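Observations on chain architecture
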Amino acid sequence: GPDGMALSGAMDPVRGEARLVVLFDAECGFCRWAVAHLARWDRGSRGRDLLEPRPLQAAAADPRLAPSIAGLDLAEALTVVDPVAGATARGGDAVLAIALRLPGGGVLRPWLGVPPFRAAVRALYGFVARSRPTLAALGMTDEPGREGGA
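Residues numbered from 1 in each chain as written. Predicted model: local features only at pLDDT ≥ 70, side-chain atom pairs only at ≥ 80, totals over all residues. Heavy atoms only, no water.

1. Some remarks on the environment of Leu96
Rules: Every helix listed is a DSSP run of H or I at least four residues long, and every strand listed is a run of E at least two residues long, numbered separately from the N terminus.
Relative to the helices and strands, Leu96 resides in helix H3 (residues 92-101). C-alpha of Leu96 to C-alpha of Arg118: the two residues are 22 residues apart in sequence and 8.5 Å apart in space.

2. What to know about the packing of aromatic side chains
For any pair of aromatic rings, the description consists of the separation of the ring centres together with the inter-plane angle of the planes. Note the cut-off: Stacked, edge-to-face and tilted labels apply to pairs of Phe, Tyr and Trp rings (six-membered ring for Trp) whose centres lie within 6.5 Å, assigned for plane angles under 30 degrees, over 60, and everything in between, in that order.
Using the criterion set out here, one finds two aromatic pairs in the structure. Geometrically, the ring pair formed by Trp111 and Phe117 is tilted, given 6.1 Å between the ring centres and 40° between the ring planes.

3. What to know about the environment of Val35
Quick note on the threshold: Here's how the labels work: a residue is buried when its accessible area is under 20% of the maximum for its type, exposed when over 50%, partly exposed in between, all with a 1.4 Å probe on protein chains only. Working rule for contacts: check all heavy atoms of both residues, and any pair within 4.5 Å makes them a contact.
Mapped onto the elements, Val35 comes out in helix H1 (residues 29-42). For Val35, a relative accessible area of 12% translates into the label buried. Taking the C-alpha atoms as reference points, Val35 and Leu23, separated by 12 residues in sequence, lie 9.5 Å from one another. The residues touching Val35, leaving out its near neighbours within four places in the chain, are Phe24 and Pro53.

4. With respect to the sheet that holds strand S4 (residues 87-90)
The strands making up a sheet are joined through hydrogen bonds of the backbone, oriented either antiparallel or parallel. Applicable threshold: We treat two strands as partners when DSSP finds at least two bridges between them. For every element, the axis is a line fit to its C-alpha atoms; helices are fit only across the contacting stretch, and the angle between N-to-C directions ranges from 0 to 180 degrees.
Sheet architecture is open: four strands sit in the order S2-S1-S3-S4, paired in mixed fashion. Taken across any chain shown, the strands that pair with only one partner, and hence form the sheet edges, are strand S2 (51-55) and S4. Within this sheet the neighbouring strands show an average axis-to-axis angle of 25°, counted without direction. Pairing analysis gives three bridges linking strand S1 (residues 20-24) to strand S3 (residues 79-82), with the strands arranged antiparallel. By the bridge assignment for S3, Val22 is matched with Val80. With respect to the sheet, H3 is in contact with S1, S2, S3 and S4, its orientation differing from that of S4 by roughly 115°.

5. Observations regarding the layout of surface pockets
As a reminder, the rule being used: Site definitions follow a grid-based scheme: protein atoms alone, a 1 Å grid, a 1.4 Å probe that fits but cannot get out for cavities, and for pockets an open set with protein on both sides within 12 Å along at least five of seven lines, plus lining residues having an atom within 4 Å of a point. Grid points are joined across faces, edges and corners, and a volume is the space filled by probe spheres set on the points. Classes in brief: Ala, Val, Leu, Ile, Met, Phe, Trp, Tyr, Cys and Pro nonpolar; Asp, Glu, Lys and Arg charged; the others, Gly included, polar.
Considered as a void within the structure, the largest pocket measures approximately 770 Å³ in volume. Forming the boundary of the largest pocket are 32 residues, of which Phe30, Leu78, Val95, Tyr125 and Val128 lie nearest the centre. Considering each element in turn, the lining of the largest pocket owes the most residues, eight residues, to H1. Of the residues belonging to the lining of the largest pocket, the class tally is 27 nonpolar, two polar and three charged.

6. Overview of the nonpolar core
Basically, it comes down to this: Throughout this description, the term nonpolar core refers to a set of buried Ala, Val, Leu, Ile, Met, Phe, Trp, Tyr and Cys residues connected via side-chain atoms within 4.5 Å.
Core analysis: the largest hydrophobic core is formed by 12 residues, namely Leu20, Val22, Leu51, Ala77, Leu78, Val80, Ala89, Ala94, Ala97, Ile98, Leu102 and Tyr125. Only S1 and H3 provide two or more residues apiece to this core. With three residues, the top contributor of residues to this core is H3. In this structure, Leu23, Leu56, Ile69 and Leu74 belong to the second largest nonpolar core, which totals eight residues.

7. Looking at helix H4 (residues 115-130)
Note the cut-off: Helix span is expected to be 1.5 Å times the residue number reduced by one.
Taking 1.5 Å per residue as the helical rise, H4 with its 16 residues ought to reach 22 Å, and the 23 Å between its terminal C-alpha atoms agrees with that figure. Within the sequence span of H4, burial applies to Phe117, Arg118, Val121, Tyr125 and Gly126.

8. With respect to the environment of Ala70
Residue position: Ala70 is located in the loop between helix H2 (66-69) and S3. In this structure the C-alpha to C-alpha distance between Ala70 and Ala60, which are 10 residues apart in sequence, comes to 7.9 Å.

9. Quick word on the packing of H3 against H4
Stated formally: Should an angle fall under 35 degrees it is taken as roughly parallel, and over 145 as roughly antiparallel, whereas 65 to 115 is taken as roughly perpendicular and any remaining angle as oblique.
It is the contact of H3 with H4, at a shortest axis distance of 7 Å, that shows an interaxial angle of 110°. When the axes of H3 and H4 are compared, the pair comes out roughly perpendicular. Facing Gly92, Asp93, Val95 and Leu96 of H3, the residues of H4 in contact are Phe117, Arg118, Val121, Arg122 and Tyr125. Of the residues assigned to the contact of H3 with H4, the class counts are five nonpolar, one polar and three charged.

Laid out in structure tokens, this is it:
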């Protein structure tokens, strides 16, 4: 994709490559909530974690990630890094990379070559990213005093 990470067989979770590093905003209640839900989905992945959630605030200090994220504004969009390939994906492409890595996500693979599908995922990601405060107010947060949803 244009963001640098191939969403192909190279991302196939059964091939045993390193975990996909998911950089999220640890200061965002909605982001922490979403990562907690991803972690639950990830635990169903044949007894091993396929994702490695990391706060974006600490990413630059990780020598595995520094070369791949140099010059990126990590606060701008969800970013995932394949530390073996040194590839990154951002925004909607990051969502697709995550989904493809997790159990059941392979059902999306045939749709990756359909440009309107990828454009729709990118647009939906943009909408969700802009709506984080609203989603948190609706209970999609891990902040104390709010319901975290199911």
